[in-house]
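# Coordinate analysis (summary)
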Amino acid sequence: EIYPAFVEPGSVYEIAADSYLELKDKTNARTLLEQYANKGGKMPETLKKLAGLQEEAGDKAAAARTLTKINYIYPLKDEPMHRKLGELSLALGRVPDAIREFEAVVAGGPIDAASAHYDLAKAYLKAGQRSMAEEQVFLALEAAPGFKPAQKLMLELNAGEAGQKEKKK
């Protein structure tokens, strides 16, 4: 209350939000962290905590905005954050944003390359970019030939291609 504009590391917003979380009061923790973000708070870990609380509360759009803010402030090579923002964007129907985030994951050289390429393939498919989706599925299966979700998507892509060829006849 004395200095509400202080949003640097160790701000009262972070400390109080952590206290609320210890008390299992996620609503007040989220409210405080939203105030922190609105006042210009920009610590990535604190904003990630806010995004998690927003998503948990069912506000995927707010969580996506918060994670996007982190991207603009600190364009880090943060695979989990890019994956989460890609998933949220896909769930919200923001396919170009999902593609951008999943491309960032792939470009970062992820540990789990198969799922990174698979996620990107799903986003490309949802965007109607079938050939790009096929390429990413191939890369996913190259990284992990036994990766069942990629195998299933490959079968779906092949079945759809066969159906298109049949229509042309």
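Procedures and definitions
Residues numbered from 1 in each chain as written. Predicted model: local features only at pLDDT ≥ 70, side-chain atom pairs only at ≥ 80, totals over all residues. Heavy atoms only, no water. Helix = DSSP H or I, 4+ residues; strand = E, 2+ residues; numbered from the N terminus. Buried < 20%, exposed > 50% of the residue type's maximum accessible area, 1.4 Å probe, protein only. Patch = residues over 30% accessible without salt bridge, like charges linked within 9 Å, V, L, I, M, F, W, Y side chains within 5 Å. Areas by Shrake-Rupley, 256 points an atom, 1.4 Å probe, with all protein chains shown as cover. Salt bridge = Lys/Arg side-chain N within 4 Å of Asp/Glu carboxyl O. pLDDT = per-residue confidence, 0-100. Phe/Tyr/Trp six-rings, centres within 6.5 Å; stacked < 30°, edge-to-face > 60°. Expected span 1.5 Å × (residues − 1). Arc of directions from axis to C-beta. Contact = heavy atoms within 4.5 Å. Axes fitted to C-alpha atoms, helices over the stretch in contact; angles between N-to-C directions. Parallel < 35°, antiparallel > 145°, perpendicular 65-115°, else oblique. Left-handed = near helix turned anticlockwise from the far one by under 90°. Nonpolar A, V, L, I, M, F, W, Y, C, P; charged D, E, K, R; others polar.

### A word on unusual backbone geometry
Phi at Lys24 takes a positive value of approximately 65 degrees, unusual for a residue other than glycine. Mapped onto the elements of the fold, Lys24 is located in the loop between helix 1 (12-22) and helix 2 (26-38). Taking relative accessible area as the criterion, Lys24 reaches 70% and is therefore assigned exposed.

### Focus on a nonpolar patch on the surface
Nonpolar side chains collect at one region of the surface, where Ile2, Tyr3 and Phe6 lie side by side and expose about 390 Å² of accessible area between them. With respect to the helices and strands, Tyr3 occurs in the segment before helix 1. Under the relative-accessibility criterion, Tyr3 is labelled exposed at 56%.

### Here we look at the confidence of the model for the protein
Here the protein averages 91 in pLDDT, while 94% of its residues score no lower than 70. Averaged pLDDT values over the elements of the protein bottom out at 79 in helix 9 (residues 148-168) and peak at 97 in helix 7 (residues 113-126).

### Things to note about the pattern of salt bridges
Between side chains of opposite charge, pairing is possible as soon as their charged atoms come close. Inspection of the entire model under this criterion finds 13 salt bridges. Asp97 serves as the salt-bridge partner of Arg100, at 3.2 Å between the closest nitrogen and oxygen. Of this pair, Arg100 and Asp97 both sit in helix 6 (residues 95-107), 3 residues apart, which is roughly one turn of the helix. Given the relative accessible area of 37%, Arg100 is considered partly exposed. Arg130 is the salt-bridge partner of Glu134, the closest N and O atoms lying 3.8 Å from each other. Note that Glu134 and Arg130 are positioned in helix 8 (residues 130-143) at a spacing of 4 residues, about one turn of the helix. The class of Glu134 is buried, set by a relative accessible area of 17%. Judged by its relative accessible area of 22%, Arg130 is partly exposed. A cluster of three or more residues bridged by salt bridges with shared partners is formed by Glu79, Arg83, Asp119 and Lys122.

### A look at the packing of aromatic side chains
Tallied over the entire structure, the rule returns 2 aromatic pairs. Ring centres of Tyr118 and Phe147 lie 5.7 Å apart, and the angle between their planes is 90 degrees; on these two criteria the pair is classed as edge-to-face. Taken together, the residues Tyr118 in helix 7 and Phe147 in the loop between helix 8 and helix 9 connect sequence positions 29 residues apart.

### Focus: helix 2
Relative to the 18 Å expected for 13 residues at 1.5 Å per residue, helix 2 spans 18 Å between its end C-alpha atoms, a close match to the ideal helical length. Looking at helix 2, one finds that the buried residues are Ala29, Leu32, Leu33, Tyr36 and Ala37. Projection of helix 2 onto a plane perpendicular to its axis shows the buried side chains occupying an angular sector of 140 degrees, all on one side. In this fold, the buried residues of helix 2 make contact with helix 1, helix 3 (44-56) and helix 4 (60-73).

### Structural notes on the packing of helix 4 against helix 5 (residues 79-91)
Contact geometry for helix 4 and helix 5: axes closest at 9 Å, N-to-C directions at 140 degrees. Here helix 5 runs oblique to helix 4, going by the angle between their axes. Where helix 4 crosses over helix 5, the two elements pack in a sense that is left-handed. Each of Lys60, Ala63, Ala64, Leu67, Thr68, Ile70 and Asn71 in helix 4 lies in contact with helix 5, whose residues at this interface are Met81, His82, Lys84, Leu85, Leu88 and Ala91. Here the contact of helix 4 with helix 5 is composed, by residue class, of 8 nonpolar, 3 polar and 2 charged.

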